[in-house]
Amino acid sequence: MIVASASEGLSAVEFNPTEVLHLSHRMNDNSKLETEELLTCLHIHLYHPNQASCPLFQNLPLNKPYKMDAEDPLRLGRDGQTCKFVLNDTSVSRKQLSIQAYRKAGSTFLSFTIQNMSQKVKLVVGGSELRYLERAELDDKVLLRFGRYELLIWPEPGDSANTFEVLFETCNTPPSQELGIDVPCKRPVMDTAVSWRNLENGASASQEPLESDETVVLV
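Everything in this summary refers to the structure shown in the same document.

Cut-offs used in this document
- Residues numbered from 1 in each chain as written.
- Predicted model: local features only at pLDDT ≥ 70, side-chain atom pairs only at ≥ 80, totals over all residues.
- Heavy atoms only, no water.
- Helix = DSSP H or I, 4+ residues; strand = E, 2+ residues; numbered from the N terminus.
- Buried < 20%, exposed > 50% of the residue type's maximum accessible area, 1.4 Å probe, protein only.
- Contact = heavy atoms within 4.5 Å.
- Areas by Shrake-Rupley, 256 points an atom, 1.4 Å probe, with all protein chains shown as cover.
- Pairing = 2+ DSSP bridges.
- Phe/Tyr/Trp six-rings, centres within 6.5 Å; stacked < 30°, edge-to-face > 60°.
- Salt bridge = Lys/Arg side-chain N within 4 Å of Asp/Glu carboxyl O.

As for the overall build of the protein
Alright, step 1. Within the protein, the secondary structure is distributed over three helices and 14 strands.
Alright, step 2. Here the protein holds 219 residues, and 32% of them are scored as buried.
Alright, step 3. Pairs at least 24 residues apart make up 55% of the contacts formed inside the protein by residues separated by at least 6 positions.
Alright, step 4. Surface summary for the protein: the accessible area is close to 14800 Å², and the carbon and sulfur share equals 49%.

In structure tokens:
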């Protein structure tokens, strides 16, 4: 507050302690913003055709960044004792997959690899299938598929080399459509070996899709 004295022709400045305290807090906040590291964020968009009716993702920290140490693997699976992030689905392996952060030589940014931890459920990364314990690098935006799950993953670079964030979000349409992939990931189909005579006699054919090299022509 400034008080001017007409008789003395001088100005005196009186400080309000409350205003000074608020100014100090604002300066401290600005200082924190300048020194705070921008964390790398690993975006994971999840999709399952039954997600609207089944609580498949109820154990995941959806829609809020989850901070992780870069040296700790991001494990996803059914078993809450061995996996930090759990899918509520008995068809998922106890340990389905693992994502590990690392730094390339000469780089200050975090990179990521993915490893298939399941011996029973295949993992498709992009267009390549990973067998048990095989790894692949996660470059830019990539589609992961196992069972009927689709995960669209991409890293948003940051400055910190010691920690990163993971952000789980669900999507209403299959990510494969966004990437222009027409054929979704399906479980392996066995040859039904239904004879032509049974078909002619009115026996119902299997509703499972045929192998890609099978062609049926009904006359």
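A few points about the sheet that holds strand 6 (residues 85-86)
Alright, step 1. The mixed open sheet is built from five strands, whose spatial order is 6-5-7-8-11. Whereas interior strands pair on both sides, the edge strands pair on one side only; in this sheet they are strand 6 and strand 11 (135-137).
Alright, step 2. As paired elements, strand 5 (residues 74-77) and strand 6 share two bridges and run parallel to each other. Along strand 6, the bridge assignment pairs Leu76 with Phe85.

Focus on the packing of aromatic side chains
Alright, step 1. Inspection of every chain in the model, using the stated rule, returns five aromatic pairs.
Alright, step 2. A ring pair is formed by Phe85 and Phe168, whose centres lie 5.0 Å apart and whose planes are at 55°; its orientation type is tilted. Here Phe85 is found in strand 6, whereas its partner Phe168 is found in strand 14 (residues 163-170), with 83 residues between them in sequence.
Alright, step 3. With a relative accessible area of 1%, Phe85 lands in the buried category.

Quick notes on the pattern of salt bridges
Alright, step 1. Per the stated rule, a full pass over the model turns up three salt bridges.
Alright, step 2. Residues Arg94 and Asp79 are paired through a salt bridge, measuring 2.8 Å at the closest nitrogen-oxygen approach. You can see Arg94 sitting in the loop between strand 6 and strand 7 (97-103) and its partner Asp79 sitting in the loop between strand 5 and strand 6, a full 15 residues away along the chain.
Alright, step 3. Notably, a salt bridge pairs Glu134 with Arg131, separated by 3.1 Å at the nearest N-O pair.
Alright, step 4. On the accessibility criterion, Glu134 (25% relative accessible area) is partly exposed.

Function cannot be read off these values alone, since they describe shape.
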